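# Chain and residue survey
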Amino acid sequence: MSRAPAFLLLTAALAGCTVGPDYRPKTAAELGVPAGYSVPAPQTPEDLTRWWSNFDDPVLGQLVEQARQANTDVAQAVARLRQAREALVESRAQLLPTLSGSAGYQRNENLRGGGRSFTLPDGTVVDTGGGGSNSFSAGLSASYQLGLFGEVRRTVESSRAQYQASGFDYATALLTVESEVASNYILARAYQAQLANARASLAIQDDNLEIAGFRVQAGLVSSVDVEQARSQRAQTAATVPQIEQQYAAAVARLGVLTGQAPGALRGQLAAARPIPCGPETVGVGIPADALRRRPDVRSAERTLAAATARIGVAKAALYPALAISGNVNTNATGLGSLGSAITGSLFAGLTQAIFNGGRLRSVVRANEAATDAAYAAYKGTVLTALEDIENAIVALDTARRRETQFRIAYEAANNSAILARSQYRTGLTDFTTLNTQESALLSAQNGLTQAQSDRATALVALYNALGGGWDPNVIPEAPARGAPLPSGTETR
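Structural notes, computed from the coordinates. For every chain, the first residue of the written sequence is number 1, and numbering continues from 1 onward in sequence order. Per-residue local features are limited, in this predicted model, to residues with pLDDT of at least 70; the limit for side-chain atom pairs, both in listing and counting, is 80 or more; totals at the level of whole chains, interfaces and linings are taken over all residues. Working from all heavy atoms in the structure, the side-chain values ignore hydrogens and water.

Attention now goes to helix α2 (residues 58-70). The numbering of helices and of strands both runs from the N terminus, where a helix is a DSSP run of H or I of at least 4 residues and a strand a run of E of at least 2. Helix span is expected to be 1.5 Å times the residue number reduced by one. Helix length check: α2, at 13 residues, gives a terminal C-alpha distance of 18 Å against a target of 18 Å (1.5 Å per residue), a fit within 8%. Looking at α2, one finds that the buried residues are Val59, Leu60, Gly61, Leu63, Val64, Ala67 and Arg68. Packing partners of the buried residues in α2 comprise α3 (72-93), α4 (151-217) and α5 (224-257). A side-chain oxygen of the first residue of α2 lies 3.1 Å from the backbone nitrogen of valine 59; this N-cap is aspartate 57. Exposure classes here rest on a 1.4 Å probe applied to the protein chains alone. A residue is buried below 20% of its type maximum, exposed above 50%, and partly exposed in between. It only takes one pair of heavy atoms within 4.5 Å for two residues to be counted as in contact. Nitrogen and oxygen atoms within 3.5 Å of one another constitute a polar contact, given that in protein one can donate a hydrogen and the other can accept it, and given that sequence-neighbouring residues count only through two side-chain atoms.

In this analysis an axis means a line fitted to C-alpha atoms, helices contributing only their contacting stretch, and an angle means the value between N-to-C directions, from 0 to 180 degrees. Relative to each other, α5 and helix α9 (residues 431-465) sit at 10°, their axes nearing to 10 Å. It follows that α5 is roughly parallel to α9 by the angle criterion. Packed against α5, whose contacting residues are Asp225, Gln228, Ala229, Gln232 and Thr236, the element α9 presents Phe431, Thr432, Asn435, Glu438, Ser439 and Leu442 at the interface. Think of it as three bins: nonpolar holds Ala, Val, Leu, Ile, Met, Phe, Trp, Tyr, Cys and Pro, charged holds Asp, Glu, Lys and Arg, and polar takes everything else, Gly as well. The residue inventory of the contact of α5 with α9, partitioned by class, reads three nonpolar, six polar and two charged. Geometric relationships in this document are graded by angle, where less than 35 degrees denotes roughly parallel, more than 145 denotes roughly antiparallel, 65 to 115 denotes roughly perpendicular, and other angles denote oblique.

Put simply, α4 and α9 touch, their axes get as near as 9 Å, and they point 170° apart. Taken together, the axes of α4 and α9 lie roughly antiparallel to each other. By residue class, the composition of the contact of α4 with α9 is 13 nonpolar, 14 polar and one charged.

The phi torsion at aspartate 56 lies on the positive side, around 55°, for a residue other than glycine. Its place among the elements puts aspartate 56 in the loop between α1 (4-15) and α2.

Attention shifts here to the pattern of salt bridges. What makes a salt bridge here is a side-chain nitrogen of Lys or Arg within 4 Å of a carboxyl oxygen of Asp or Glu, nothing more. Using the criterion set out here, one finds 22 salt bridges in the structure. Where arginine 302 meets glutamate 301, a salt bridge forms, and the shortest distance between an N and an O atom there is 2.9 Å. A relative accessible area of 15% places glutamate 301 in the buried class.

Take the pairing of strand β4 (residues 132-146) next. Taken together, the 12 bridges between strand β1 (residues 98-109) and β4 define a ladder with antiparallel strand orientation. Within the sheet, the bridge partner assigned to tyrosine 105 lies in β4 and is phenylalanine 136. Only when DSSP finds a minimum of two bridges between them are two strands counted as paired. For β4 and strand β5 (residues 321-332), the ladder comprises 11 bridges, and the chain directions are antiparallel. Residue pairing in the sheet places serine 143 in a bridge with serine 325 of β5.

As C-alpha cells, then:
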C-alpha cells in the first residue's frame, strides 16, 4: 500500500503525455488566399443569412423556407449529422471507466445418493434422502483503459472535429438546395414571360394575317403575303408547346425540392409573376471572408483537424497501454447474510507492442499521408471557393450589361415593328419587311427576358458562392430525432 501513491503519481504523469502533432489552423497566406479579388467588387460584406428576402418575392421566400425544412437531401444531411454526434458520444465514453454489476442465485439438489444418514441405538441406519442448498451472489466490477499517451483524448478530438465537419456538410447541403430552388423559380417565371411574349406575338400575327387577307381580296397584293403570314404564325405557335414543357419541368423540380410530388405547386405558381430582379450590388467582402462564410471550406478545415488527431491515435499505439480493473463480490447461502463476507481484487496491466513487422509504424505513416491529402483538399476547396466567387461576380456584371443592351434592342425593335405595321396597313411597305420586323421584335423580347433571367440567376449564384443562406457565426448541431432542423449552436 505504501507504493500506491507513487504508482498513482507516475500514472498521472504519464497520462499527461499526448503524442502526435497538435492541430494548428492554417493562415490565409498558407492557403494561397490573396488580399483582394482580381475583379472589381464592393468590399463591404453583407449579412447573407437569408439572401432570398432581397428579391422581395414572397412566393420565392415561402418555397425556400419550405425546402429548408422538407427537402430530402437536407434530411439525409441531418441524419448523417446525428450519426456523427453519436460517434462523438461513443468516443467521450472512453474517457470514463466501465462499471457493471451482477447478481446470481443457485439451487443445488441431490437427485440420487449423496444424502445424509445416521444410525439408531439398535443399529438401524436411517437415510434422510437428498438435501438441498441455496447460494446467492452479488458483484460489482469496473475497468478503465487509461490512455497514457493521449490515444483516448486524440480519438475524442478527432470525433469532435468530424462532428463539426458533418455540421458544415449539412449547411452545404442547405445552401445547395436554397440556390437550386431560387434558380428553378427564376426559370419558371422566365418561361411564363416567354409564353406571354409568344401569345402576344400570336395575337399581332393573327391581325397581320387578317390584314393580308383583306389586301389580297382587294387585289392590292398577291397571295404570297397571306402565305408568309401563315408561315410566321405557325412558327411562333410551334414554340409554345416547347416553352410549356420547360415550364412544367421547372415547376415539377420545385415540387421535389420542397419535398412534395412534382405537380404539387402547379396551382400555386399558375398566376404569372415578374422575374425577381434583386438588388443592383452585393457586398462580397474580401477573399479571407470565404474561409468563414463558406461551409464547404470550414468542413474541409475540420476534416483536416480530424485527420491530424488520428496521427496521435496511431502514434500512441507504439507506446505502452495501461488497463486497470477491479471487482467486489459477496456470496451467501441466504439473502439475509448477503454482504457479511465481501471479497475484492484490483488488477493493473501494462502492455507494450514488441514486434509486429512494422505494422504500427505503417499505420502512423498512412495517417500522416491522409493528413497531407486532407490539407491539399482543404487548400483546393479554398481556391475553388475563390474561383466560384470571382466567376459569379463576372457573370453578374456580364448579365447586367447584356440586360441593358437587350432593353435598348427591344425598344428599337418595338418601334420598328409598330412603324412597319402602320406602313403595311397603308401600303407603304411589303409584307416581307413587316415579317422581318415582327420576328426581330419577338427575338428582342425573348432576349430581354433571357437577360433578366440570367441576371437573377447570376445573383443567386453569387449569393451561393459567398456562402449565403446560413449563419456562419455558429456551428450546426444535430437535433433530437423528430425535432426541428438545427439552427446552429456552438459545439462543445
